[in-house]
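Survey of secondary and tertiary structure
For reference, the chains in residue letters:
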4 protein chains.
Amino acid sequence: MSASGVKKVVLAYSGGLDTSIILKWLKEEYDCEVVTFTADIGQGEELEPARAKAEAAGVKEIYIDDLTEEFARDFVFPMFRANAIYEGEYLLGTSIARPLIAKRLIEIANETGADAISHGATGKGNDQVRFELGAYALKPDVHVIAPWREWDLLSREKLMKYAEDHGIQIDYVKQGKKSPYSMDANLLHISYEGDILEDPWAEPEEDMWRWTVSPEQAPNEPTYVELTYAKGDIVAIDGKPMSAAEVMVHLNKVGGENGIGRDDIVENRYVGMKSRGCYETPAGTIMLKAHRAIESLTLDREAAHLKDELMPKYASIVYNGYWWSPEREALQALIDHTQQVVNGVVRMKLYKGNVIVAGRKSDTNSLFDASIATFEDDAGAYDQKDASGFIKLNALRLRVASRLKKS
Amino acid sequence: MSASGVKKVVLAYSGGLDTSIILKWLKEEYDCEVVTFTADIGQGEELEPARAKAEAAGVKEIYIDDLTEEFARDFVFPMFRANAIYEGEYLLGTSIARPLIAKRLIEIANETGADAISHGATGKGNDQVRFELGAYALKPDVHVIAPWREWDLLSREKLMKYAEDHGIQIDYVKQGKKSPYSMDANLLHISYEGDILEDPWAEPEEDMWRWTVSPEQAPNEPTYVELTYAKGDIVAIDGKPMSAAEVMVHLNKVGGENGIGRDDIVENRYVGMKSRGCYETPAGTIMLKAHRAIESLTLDREAAHLKDELMPKYASIVYNGYWWSPEREALQALIDHTQQVVNGVVRMKLYKGNVIVAGRKSDTNSLFDASIATFEDDAGAYDQKDASGFIKLNALRLRVASRLKKS
Amino acid sequence: MSASGVKKVVLAYSGGLDTSIILKWLKEEYDCEVVTFTADIGQGEELEPARAKAEAAGVKEIYIDDLTEEFARDFVFPMFRANAIYEGEYLLGTSIARPLIAKRLIEIANETGADAISHGATGKGNDQVRFELGAYALKPDVHVIAPWREWDLLSREKLMKYAEDHGIQIDYVKQGKKSPYSMDANLLHISYEGDILEDPWAEPEEDMWRWTVSPEQAPNEPTYVELTYAKGDIVAIDGKPMSAAEVMVHLNKVGGENGIGRDDIVENRYVGMKSRGCYETPAGTIMLKAHRAIESLTLDREAAHLKDELMPKYASIVYNGYWWSPEREALQALIDHTQQVVNGVVRMKLYKGNVIVAGRKSDTNSLFDASIATFEDDAGAYDQKDASGFIKLNALRLRVASRLKKS
Amino acid sequence: MSASGVKKVVLAYSGGLDTSIILKWLKEEYDCEVVTFTADIGQGEELEPARAKAEAAGVKEIYIDDLTEEFARDFVFPMFRANAIYEGEYLLGTSIARPLIAKRLIEIANETGADAISHGATGKGNDQVRFELGAYALKPDVHVIAPWREWDLLSREKLMKYAEDHGIQIDYVKQGKKSPYSMDANLLHISYEGDILEDPWAEPEEDMWRWTVSPEQAPNEPTYVELTYAKGDIVAIDGKPMSAAEVMVHLNKVGGENGIGRDDIVENRYVGMKSRGCYETPAGTIMLKAHRAIESLTLDREAAHLKDELMPKYASIVYNGYWWSPEREALQALIDHTQQVVNGVVRMKLYKGNVIVAGRKSDTNSLFDASIATFEDDAGAYDQKDASGFIKLNALRLRVASRLKKS
């Protein structure tokens, strides 16, 4: 046992340079056992190299898990039922992955008897908050080690020096041309921060983007997809049943091919500063628009408006890392309750960055009643005279106030 | 004076068939004088034919007003400060024009000594509500005549018969190919309802759209515009100062040329039914995205979130016709208060339906502080260790609850 | 079958003069069968006289139901989980009874094959809305007959004349001294409107109040009660298990004896005008305070604040008559979800109109941790240094803005 | 200049033991000049002893300010326009004083050229947050010294030892019988925490309370007061014009005499734990009830409901210490906008802990229209038939959904 009291720590380990340094640093600084945990959440990288590196570093307990289905089903899909979007723009791609990582870190801590967890998020970002709030909520007395807040390796040079001094392999080849950006990827999105993006006036360079072609380079012919919804979730595409992860893989593919899902924003971090980020979220961009479309047909007006009013709060809760909180669970209970009727099909047209609703229908739950809405004779389905009383009573308070003002 | 007690009525008169029939019908049914009011709010039609028709119909008091600047400045711009969008999609193009018409109807009633107003909106729609709530709020004892709720001319055939019987000119040529859609236009948008749109599964036909080319037919080269904001309003484009109406004319033009601003939705009317509508809002689509971008740089996080939480309510208030209400005015006071700092420039890229933020800057009000946000060494601008305490205290309630659950 | 098409109507029948006149009027005007429905919802009046009168009036299908338990359990208790209070003052005593009556009217209509319902609420009040929204929501094509909106018996004299002309017994004795007020009573409250209350400057006369003694006349010794909560509902008083209705009967008794629960307000009706009402709600007044107290101990801060922010909307929904709506059900799902942890005991002191929390505890769900909150040495349960970082990061956005302002 | 870089610090100095120790400790630890600032905000203690002690401790710059009027006028009154109440119970008595202290500390720092401020709030409470957020918002680069978070004098014994060792006078006599509670007082309230209150099941002892008699001991005759409102603020009592502070002094007196304003709650601190507090807020309790009463007569329904929905957020903002924030200012703009019409008189009955509205009137702004609300014949002021259409259209969405469910 180390002087700090930590005996064993579970490290969220990507196999990259930073977490490899952390692995070493934890052993040195804390003199404790390290368990590594590497997850596939759809980031599109092989995980076996991480195993090899962990083994080479002497790690005895190595966890490598495929969490893509759980991620899509239990995190992304529930969030999309809320139409969640942070600050009008951000689809919460990074935010929504963190609580799953936190949950798995704690499960592994419990399985391996570890008393601490560690991660590679910096002290300036939101991810540290998301990891740690999740960890504390699930294991209140866990010890959290956040090396970036503790060590003095605060520049790239110092990190490289540390790596060299400790014989940590620097895998220059792995990423091909080294990206100058800080990136994060999972099944929902890939993000870019840093470098020239630190100037909000600078337009991102085309070669930064990795998942989508530009609208300019997308095909000249549109792609149509039909999305079948059951209780607010997509369960089939073009008639073919799919799991949550399969849905996202498919939509990422067709979305990316059609130049869909790029976003470039200045956002307000929970830790207090504004930051610039670029995001590619092909599937998510389609899913948000399509979900709104199926709700527009099947959801009651006031239930929909209630969801709209609560959405910014829900999005902030997820953004700020409070997935594992009573307030998120309470809101989710409300949202999920409303989704029982959200069944039907949406037809989407994808074309050069545009996501267009080309049709929506619901055999079982459409509240659209053409016999009422029609501009033609409605055969008495709606009595226009009712509108007089409706307006008169709604105007009453305004009239009383107006009379007073004039008197 | 007629049996109804109405002596003189101000009619919102477009010069089209419907309001020409109403003009005649009012004289017959109410045996009263009719004053006509025709407004230019940027709908893109000549108004002099309306004057000629009104004169031909024997109207003695004819008002024809150019309200485009007032419309843009006092209605559209304040609404865009709120980032208002109804049900996640609709930019409120029709809704925002009605309170201005109501205001002008009442002003003319006061000037001409009229005791009633009349309009051509049907009993199924939102516009009757918007007209009448406005009228009642501004002149509480005005008599409102809504012919569509009173007469029995509820089919196209009956209307035509009435026109023929009363010698009302049916101007087939005017609109060229007669549109099968119910349309409404002003400086902010043009809308389409009815006909094949009454099937929400049906995709609109390309030749329905009038203001925008399709993304497919838009130029292969993007257009860039630089929008200068002062207190939340655009005051210049590409460095050239412009009035509110000029801004909108310009953005409608470049937006429409680049295939921007089409929307196709099912919306919830205030009178209770769902309806399908298609909209073209080129300038508005650009303005919403650009305004969010300049706010992202200049507006405090919590002020921005407060606006986001209140926005759905503001949008519903406008949609439902409560522009002239204490609640809209109270919200506007809040919104306008926040806009004092919303100054700067946004650079927008317009390309085949895409509205892309290509840059944002503010010499005077940028809250983006690269020295804090940087991934590089920040020379002490931000102490990463502060994050530990921040997380610990934010986690406290979750930890206490978690301990309890485990015990 | 009558000319109106109505064959059989279920009438909400109290046995009083007004609904007795309606009973007669329905037969005359609509030439239809009338089914009477009289409910005991705790208003404290015998129902058998209503049966006798209905029989005397020739009614063949007479329903007399004791709904007090259902009322308390399925309507009042769920509403109190929300801490619902309309406009800061009104405990919704009338509002919450109407959806139950509506439900039962429709059930009886379905059982008896009736195609219409009728009620004695006037066209100026909220109750007509509550009855009818409920009826339409549960049986969308039901015919609703609201005599007060149809007939011309709009003064007391005309009503009396009608009663005399049609041989309807006017039961002067029944109410003892005839009250000049319009009253409504059920297990939750009794209300008073009209007469001198129509002047908001006038203080109600002491002899108006029926359920409570005045604080002046209440005992000089306080009464203590201990309320045991399970999932947000009171399940025992002073250790004795009770049903929902029993809880309310008991608290009405001790509350009324101690001068508790009078309220005197000007409220905003849904139909548009302000009205003055006085209310006695002894049990409800105790329940609201006590429920907040048990929540203060057991409910998470953010869940509690979320409930507080949603409460005004929930209260308006109930007040306006939308109990049987998707938005109320969605909010209820959220509220009920939060109540799983609301278990424990509250000790209340009742004294001359005062409702005082004298203690609260929860063996299973208290989140109050004295070891953290203590002013004494906490043995490391809370590290005061964490507060520095918490404040620093929360202040960051304010500091950046302040620096900008100064520069 | 000290090693810490601090040259001069402004200390919020009460003259009590704790801040006297801090005064000494600052000089020792920081080797810097200390400026003392002592404010009269209505706490009811003489300030000259503080001056004498500061002089005795060698302080050269001593500020003693009477801020009671500013406190009442610019802080308490604006907050009461919002009907602010935290967690349904707490009138924010401590919270609202802190931003004023922070403002004055910073003004003095600017006047004296100090680069730091210091206060005696502990690291567990909300007050540190309120002081420091205010300070940072007003002087972003100020150095904040919070001794309780830095030193190791965490028990009463250590403090006493420190005082003795450094010759600090321990003024046992000053408070008479030493209270076992941690207290805070200002014109709005006095609070109690700690000691036996740390058990939420324990009822406070009668002799804890200082400002109010118990309801039991209050007079047997009620006291009536008439409060005149202008723009939402009380400007006269019983016809006598008064300043904001005079209003509060008067209402504290009559409220306290009548046993009004005690509260005993468990609240959720911003720093994460639940804590128990008891409060006496005589004037505030009367003001909240009376303000709601005058609003009930003069404020539009939807404006009032908007305020109600925003109130919990406003209260949290004040509670959490964000008075000097863009979000509080934006909300205040909305609130103040609504108060233009809040003019009139409220008559309040005070009796043994009860605060009863006995009448409300407004010559200029009453929206209560007896001719509409009356139960008697209204001579056509309101057409009851309008209610049918009102209900029908409001029911439309419910009916469509109900038909669908049945089909």
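Cut-off values and rules
Residues numbered from 1 in each chain as written. Chains lettered and ligands numbered in written order. Predicted model: local features only at pLDDT ≥ 70, side-chain atom pairs only at ≥ 80, totals over all residues. Heavy atoms only, no water. Helix = DSSP H or I, 4+ residues; strand = E, 2+ residues; numbered from the N terminus. Buried < 20%, exposed > 50% of the residue type's maximum accessible area, 1.4 Å probe, protein only. Contact = heavy atoms within 4.5 Å. Areas by Shrake-Rupley, 256 points an atom, 1.4 Å probe, with all protein chains shown as cover. Lys, Arg positive; Asp, Glu negative; His and termini not counted. Charge placed at Lys NZ, Arg CZ, Asp CG, Glu CD. Least-squares fit on C-alpha atoms with pLDDT ≥ 70 in both. Polar contact = N/O pair within 3.5 Å; in protein donor to acceptor, adjacent residues only side chain to side chain. Buried area = accessible area lost by both parts, 1.4 Å probe. Salt bridge = Lys/Arg side-chain N within 4 Å of Asp/Glu carboxyl O. Nonpolar A, V, L, I, M, F, W, Y, C, P; charged D, E, K, R; others polar. Phe/Tyr/Trp six-rings, centres within 6.5 Å; stacked < 30°, edge-to-face > 60°. Lys NZ or Arg CZ within 6 Å of the ring centre and 35° of its normal. Axes fitted to C-alpha atoms, helices over the stretch in contact; angles between N-to-C directions. Left-handed = near helix turned anticlockwise from the far one by under 90°. Pairing = 2+ DSSP bridges. UniProt positions renumbered as here; feature names shortened; annotations may be inferred.

**Describing the overall build of chain A**
Looking only at helices and strands, one finds 13 helices and 14 strands in chain A. Each principal axis of the C-alpha distribution contributes one length, and for chain A these read about 85 × 55 × 45 Å. Across the 407 residues in chain A, those meeting the buried criterion constitute 66%. Taking contacts inside chain A between residues at least 6 apart in sequence as the whole, the part at least 24 apart equals 73%. Here chain A has roughly 14300 Å² of accessible surface; of this, 49% comes from carbon and sulfur atoms. For chain A, the separation between the mean place of its 48 positive charges and that of its 65 negative charges on side chains is 5 Å.

**Concerning the relation of the copies chain A and chain B**
Of the two same-sequence chains, chain A is brought onto chain B (RMSD 0.0 Å, axial shift 0.0 Å) by a rotation of 180 degrees. In short, the pair behaves as if placed about a two-fold rotation axis. Most of the interface of chain A is mirrored in chain B, where 100% of its interface residues again form contacts.

**What about the side chain of Gln128 of chain D?**
Turning to its location among the elements, Gln128 of chain D is positioned in helix H5 (residues 127-138). The exposure class assigned to Gln128 of chain D is buried, which follows from its relative accessible area of 0%. Polar contacts involving the side chain of Gln128 of chain D include one to the side chain of Arg149 of chain D, which spans 2.8 Å. Look past the residues within four positions of Gln128 of chain D in its chain and what remains in contact with it is Tyr382, Ala387 and Ile391 of chain C together with His119, Ala121, Thr122, Gly123, Arg149 and Val271 of chain D.

**Re the interface of chain B and chain D**
Taken together, the 22 residues of chain B in the interface contact 22 residues of chain D. Interface area, chain B with chain D, both sides summed: about 1800 Å², of which 72% is carbon and sulfur. On inspection of chain B and its partner chain D, the count reaches two salt bridges. Notably, a salt bridge pairs Lys313 of chain D with Glu309 of chain B, separated by 3.6 Å at the nearest N-O pair. Contributions of two or more residues to the side of chain B that touches chain D are made by helix H10 (301-320), helix H11 (326-338) and helix H13 (386-406) of chain B. When residues of the side of chain B that touches chain D are assigned to their parent elements, the largest contribution, nine residues, is made by H11 of chain B. Its residues placed into classes, the side of chain B that touches chain D shows twelve nonpolar, three polar and seven charged.

**What about the packing of aromatic side chains?**
In this structure the tally under the stated criterion is 50 aromatic pairs over all chains. Plain terms: the ring middles of Phe75 of chain D and Trp324 of chain D are 6.0 Å apart, the flat faces sit at 75 degrees to each other, and that makes the pair edge-to-face. Separated by 249 residues along the polypeptide, Phe75 of chain D in helix H3 (residues 68-81) and Trp324 of chain D in the loop between helix H10 (301-320) and helix H11 (326-338) bring together distant segments of the chain. Taking relative accessible area as the criterion, Phe75 of chain D reaches 2% and is therefore assigned buried. A cation sits over an aromatic face here: Arg130 of chain A above Tyr319 of chain A, 4.8 Å from the ring centre.

**A word on the pattern of salt bridges**
Considering all chains together, one arrives at 124 salt bridges over all chains under this definition. The residue Arg104 of chain B makes a salt bridge to Glu111 of chain B at a minimum N-O spacing of 3.7 Å. A salt bridge links Arg403 of chain D to Asp141 of chain C, with the shortest nitrogen-to-oxygen separation between them at 2.9 Å. In this pair, Arg403 of chain D sits in helix H13 (residues 386-406) while Asp141 of chain C sits in the loop between helix H5 (127-138) and strand S5 (143-145), so the two residues belong to two different chains. Residue class for Asp141 of chain C comes out exposed when judged on its relative accessible area of 52%. Through salt bridges with shared partners, a single ionic network connects Asp65, Glu70, Lys103, Arg104, Glu107 and Glu111 of chain A.

**A few points about the packing of helix H1 (residues 17-30) of chain A against helix H7 (residues 156-165) of chain A**
Residues and elements named next belong to chain A. Between H1 and H7, the least distance of the axes is 10 Å, while the angle of their chain directions is 60 degrees. Taken as a pair, H1 and H7 cross one another with a handedness that is left-handed. The segment H1 lies against H7, with Leu17, Asp18, Ile21, Lys24, Trp25 and Glu28 engaging Arg156, Leu159, Met160, Tyr162 and Ala163. Across the contact of H1 with H7, the residue classes tally to seven nonpolar, no polar and four charged.

**Details of the sheet that holds strand S2 (residues 33-40) of chain C**
Residues and elements named next belong to chain C. Spatial ordering of the open sheet is given by S3-S2-S1-S4-S5, a layout of five strands whose pairing is parallel. Each edge of the open sheet carries a strand with a single partner, namely strand S3 (61-66) and S5. For this sheet, the mean angle separating the axes of adjacent strands, direction not counted, is 20 degrees. Across the sheet, helix H1 (residues 17-30) is in contact with strand S1 (8-12), S2, strand S4 (116-118) and S5; its angle to S1 comes to roughly 165 degrees.

**As for unusual backbone geometry**
With a phi angle near 50 degrees, Asp31 of chain B is a residue other than glycine that sits in the positive phi range. Inspection of the secondary structure puts Asp31 of chain B in the loop between helix H1 (17-30) and strand S2 (33-40).

**Focus on the interface of chain A and chain B**
Listed as interface residues are 104 residues of chain A and, on the opposing side, 104 residues of chain B. For the pair chain A and chain B, the number of links is twelve salt bridges. Where chain A packs against chain B, one counts 52 residue pairs in polar contact (both at pLDDT 80 or more). Here the element with the most residues in the side of chain A that touches chain B is helix H13 (residues 386-406) of chain A; it accounts for 13 residues. The class makeup of the residues in the side of chain A that touches chain B is 43 nonpolar, 22 polar and 39 charged.

**Looking at the sheet that holds strand S10 (residues 240-241) of chain C**
Residues and elements named next belong to chain C. Strand order in this open sheet of five strands is S10-S9-S8-S13-S14, and the pairing throughout is antiparallel. Strands with a single pairing partner mark the edges of an open sheet, and in this sheet they are S10 and strand S14 (354-361). Most of the contacts of helix H8 (residues 244-257) go to strand S9 (residues 233-237), to which it runs at about 70 degrees, and overall it touches strand S8 (223-230), S9, S10 and strand S13 (344-351).

**Things to note about the UniProt feature "binding site: L-aspartate" (unreviewed entry) in chain A**
Within this numbering scheme, the UniProt entry marks Thr122, Asn126 and Asp127 of chain A as carrying the feature "binding site: L-aspartate" (unreviewed entry). Locating Thr122 of chain A in the fold gives a position in the loop between strand S4 (116-118) and helix H5 (127-138). What makes Thr122 of chain A partly exposed here is its relative accessible area of 25%. Ignoring sequence-local partners within four residues, the contact set of Thr122 of chain A consists of Gln128 and Trp148 of chain A together with Gln384 of chain B. Of note is the side chain of Thr122 of chain A, whose polar atom sits 3.1 Å from the backbone nitrogen of Lys124 of chain A. Locating Asn126 of chain A in the fold gives a position in the loop between S4 and H5. We classify Asn126 of chain A as buried; its relative accessible area is 6%.

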